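Here's the letter readout for the chains.
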Amino acid sequence: MADTTTRPRPHSTAAPTPGNRPRPTRRPSARPVWAERPSRVGTAAKGFVLAVICLAVLYPMVYILAVSLSAQNDLAGDGLLLWPEHWSLQSYRTILEGGLVTRALVVSILVTVVGTALSMALTVLTAYSLTRTREVPGSRFVLWLVLGTMLFSAGIIPNFLMVKQTGLLNSYWALIIPGAINAFNLVVVRNAFMELPAELLDSARIDGAGEWQILWRIVLPLSKAVLAVVSLFYAVALWSDFFSAMIYLNDTTKWPIQLVLRQYVLEGQSMTQLAPNPNRPLPQPQTLQMAVTVVATLPILIVYPFVQRFFTKGILVGAIKG
Amino acid sequence: MSVEQVARERPHARPTPKARPAGSLRTRMWRARTMYLMMLPGLLYFVVFCYVPLLGNIAAFQDYSPFLGFSASQWVGFHNFAVMFDDPQLVTAAKNTVVLSFLQIVFAFPAPIALAVMLNSVMSERIKRWVQAVVYLPHFVSWVIVIAIWQQLLGGDGLLTNLISDHGTQSVAIMSDPHWFKSLITAQVIWKDTGWNTIIFLAAITRIDSQLYESAAVDGAGTWRRLWHVTLPGMRGVLVLMLILRLGNVLTVGFEQILLQQHTVGAETAQVLDTFVYTRGVVGGDWGLATAAGLLKGVIATTLVVAANKFVKRTGSEGAF
C-alpha cells in the first residue's frame, strides 16, 4: 500500500538524470521542501474530522458488540456507554448450542468455502488462458465476451428462470454457480498475470514446463497478493449474499446466516424459534439479535486484517495502473 | 459503485512481439490446446449464466408462463410494455429510483473524493494507514448487517430512542418514517462505501506528477490553490470515468439495501425499479411484465453509458472505453 499512497515528493517520478538535482534522502512521510508548514488550527481540524469519520464507522460496530455481551438492556439505559454493567455470554450460548442459527452458520461457512474455491479455480484458469490473446486464436473474442458482462446483464427475471431451468433451484449450488465468475475479478487477476515478466515464463517454457506447470509453479506463487484480495472479494460476496438464498431456496432449513438475520432481526420474527432448548429462559431479544449480528460479521473481521494491506495493490494492478 | 468497470484491457501491458506466431490457424490452435482446455469451464459459465439468460428477455414479449415455457407461451408483442406504462406503481418506482439516484450522485459521489484529498494530505503514514483500514471496513459488511446495526442505533427501540426517552417519552423511529427514508438510504450508502471508493481517487492523486505541485508552489500557489489547480485537474480523468459509470447506473439504486427496508415504510416510498421487477415477477408471478420492465431498464442503462462515454470523448477527455 505504501507505494501508492505516499505523498507526492519532488523528483519521485523522474529518474535521476545528470541534469537533475540529486534526490534528497528523506523519511517517506516528510513534507516536501516547497510545501508550507500547515497551521496548527488546520491540522487540528483535519485530525478532528478524520477522528469523527473513524468514530462514525467504529462506534456502531462496537455498540452492537457491547449490546450482545450485556445481560440486560442495562447498556442502552446508560446511553452512549459501551461498557455492559452485567456481562453475559448467555445469548451466544443460546444461538450456538444447535438450532437454527448454528445450522445457518454451518451452511454459510460451507457455501463460502466451497464457492470461493470454485470461483478462484475458474477465475484463475480463465484469466490465465486469456493472457496470450496473440497466440491463442479466438481468445480475444472470449475476452470481449467476459468484458461485455460488465456492461449488461440479463436482469433478475431471466436469471431466475435460468437457475430454474438448470435445476439448481432449492440447492446450495444455486448460491454458488450463477455468480461463480465475476468479470471484474477476472480482469484483475488477468492483469496481474500480464504484469509478470514474459521472459520468466518463456524461460520456463524453454526448460520444458507445460502450461499447467507454469501456472501452478510460477504464475500463482508470484501473484499471491492479488489472489488473496480476489479470494476475499469472492468470499465476502458469498458470505453477504441473502438475495440468492431468498429467491432460490424455499426450504427454510437450508437458509444461510444472512437470511436468518434478515428474518429475525430486520423483519422482527419472534426469537423463540432460535433457541433449541425451550426450557431455558431466553435472553433479551435485543441482545439475542445483536449476538446473531455479531456472529454473522465475525468471519470477515477475522480475515480482514490479514488481507487489508493488499487491497490497494491488488485493486490497482487490475484497475487503473498503466 | 466501485472501481469495477475502470478495469479494461490494456494490450500494451506486456511487450509482445508484433509479428503473429507462425503456422496455419490449425497448427496454432493445436499448439494452444492446453489454453483452450483451461478456458473451457469459464467460457461455458459465461455462455450459460450470462449470455443465454439474455435470451430469456423474450419473456418481455410473451404472456410468459413458467409451466408452458418460452416455446408454448403466447406472444403478445409490445402488450407488456403498454401495460407497464399505464401502471401507476411503475411510475412511482421510476420516480423513487431517479430521486434516490440523484441524491446519491449529489451527496455520495463527492464524499470519497473529499476524503481521498484529505487522506492524501495526512503526513503520517501510520495514521493514514489506520484511517484507511477503518474506513474500508464497512464495505465488507453485508447490507443485512448494516441495516441491523442502523436499526439498533436509530430504530424504534434503538439507542437514539433510549437517549431521547430519558428526557421525555416519545419514541423516535427514523428507520420506519417515510419522510426520512430517502435521506436514510443515502446516508447508509455514504457510511458503507465512501471509504472504499477513496482507493481509486487516492491512486489517481498519487499518479499526479509531483513536479506540478512543486512548480505551482514556486509560482506562489498555496495549499488550496494547489488543490484546485493541480490535484483536481489531475484527477479529472478518473472523476469523469467514475461519473460516466455512475450515470449509467441512474436506474439502479441499492436493490438489496432497499428490499431489506421496504417493509418498514411501505412500497409507496420504497419501491424502486429493481424491487418492482422482483415483486411483480418472482413474487407476483407477472413474469412478462416484470421482464419487460427489467429489459427496458437494462437497455436505458446501457444506452446512457454509451452516450455519456461518447459525449465525454467529444469534449476531449478519455472515455471509459
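Residues numbered from 1 in each chain as written. Chains lettered and ligands numbered in written order. Predicted model: local features only at pLDDT ≥ 70, side-chain atom pairs only at ≥ 80, totals over all residues. Heavy atoms only, no water.

Quick note on the threshold: UniProt positions are given in the numbering used here, feature names are shortened, and annotations may be inferred rather than shown by experiment.
An unreviewed UniProt entry lists chain B under the name ABC transporter permease, from Kitasatospora paranensis. UniProt lists a comment for chain B under the heading Subcellular location (unreviewed entry), and it reads "Cell membrane". UniProt, in the comment section headed Sequence similarities (unreviewed entry), describes chain B in these words: "Belongs to the binding-protein-dependent transport system permease family."

Taking an unreviewed UniProt entry as the reference, chain A is identified by name as Carbohydrate ABC transporter permease belonging to Kitasatospora paranensis.

1. Points about the pattern of salt bridges
Residue and element names in this part refer to chain A. The cut-off we apply is this: Just to be clear on terms, a salt bridge is a Lys or Arg side-chain nitrogen sitting within 4 Å of an Asp or Glu carboxyl oxygen. Under the scheme used here, helices are H or I runs from DSSP no shorter than 4 residues and strands are E runs no shorter than 2 residues, and both carry numbers assigned from the N terminus. Throughout, exposure labels follow a simple rule: accessible area from a 1.4 Å probe, protein chains only, divided by the maximum for the residue type, with under 20% read as buried, over 50% as exposed, and the rest as partly exposed.
Counted under the stated rule, the structure contains eight salt bridges over all chains. Ionic pairing is found between E211 and R132, a salt bridge with its closest N-O pair at 2.8 Å. Taken together, the residues E211 in helix α11 (residues 211-222) and R132 in the loop between α5 (100-129) and α6 (139-151) connect sequence positions 79 residues apart. When its relative accessible area of 13% is taken as the criterion, E211 is described as buried. Overlapping salt bridges bring together R132, E135, D202, R205 and E211 as one network.

2. Here's the deal with the environment of L153 of chain B
What counts here: Between two residues, a contact is recorded if the distance between any of their heavy atoms is within 4.5 Å.
Relative to the helices and strands, L153 of chain B resides in helix α8 (residues 143-154). Along the chain, L153 of chain B and L247 of chain B lie 94 residues apart, while their C-alpha atoms are 32 Å from each other. If sequence neighbours within four positions are ignored, L153 of chain B has contacts with Y59, P60 and Y63 of chain A together with G158, L159 and L160 of chain B.

3. Comments concerning the UniProt feature "transmembrane region" (unreviewed entry) in chain B
All names here are of chain B. When the UniProt feature table is mapped onto this chain numbering, "transmembrane region" (unreviewed entry) sits at residues 36-61, 98-118 and 130-150. When the span residues 36-61 is considered, its composition is 77% helix and 0% strand, and the gap between its end C-alpha atoms is 37 Å. Each end of residues 130-150 is marked by a C-alpha atom, and these two atoms are 24 Å apart; helix forms 71% of the span and strand 0%.

4. Focus: unusual backbone geometry
The backbone of N170 of chain A sits at a positive phi, close to 65 degrees, despite the residue not being glycine. Relative accessible area serves as the criterion here: at 24%, N170 of chain A is assigned to the partly exposed category.

5. Notes on the nonpolar core
Our working definition: The nonpolar core is taken to be a set of buried Ala, Val, Leu, Ile, Met, Phe, Trp, Tyr and Cys residues, with the residues joined through side-chain atoms within 4.5 Å.
Within the largest apolar cluster, 179 residues are counted, with the highest numbers of intra-cluster contacts made by F193, L215 and F311 of chain A together with F140 and F201 of chain B. Aside from chain neighbours lying at most four places away, what touches F201 of chain B is P112, I113, A116, M235, V238, L239 and M242 of chain B. Judged by nonpolar contacts, the second largest core, of eight residues, contains F181, I185, V265 and A270 of chain B.

6. Some words on the UniProt feature "transmembrane region" (unreviewed entry) in chain A
Mapped onto this numbering, the UniProt entry gives "transmembrane region" (unreviewed entry) at residues 47-71, 104-129, 141-160, 172-193, 214-239 and 288-307 of chain A. Measuring from the first to the last C-alpha atom of residues 172-193 of chain A gives 32 Å, for a span that is 68% helix and 0% strand.

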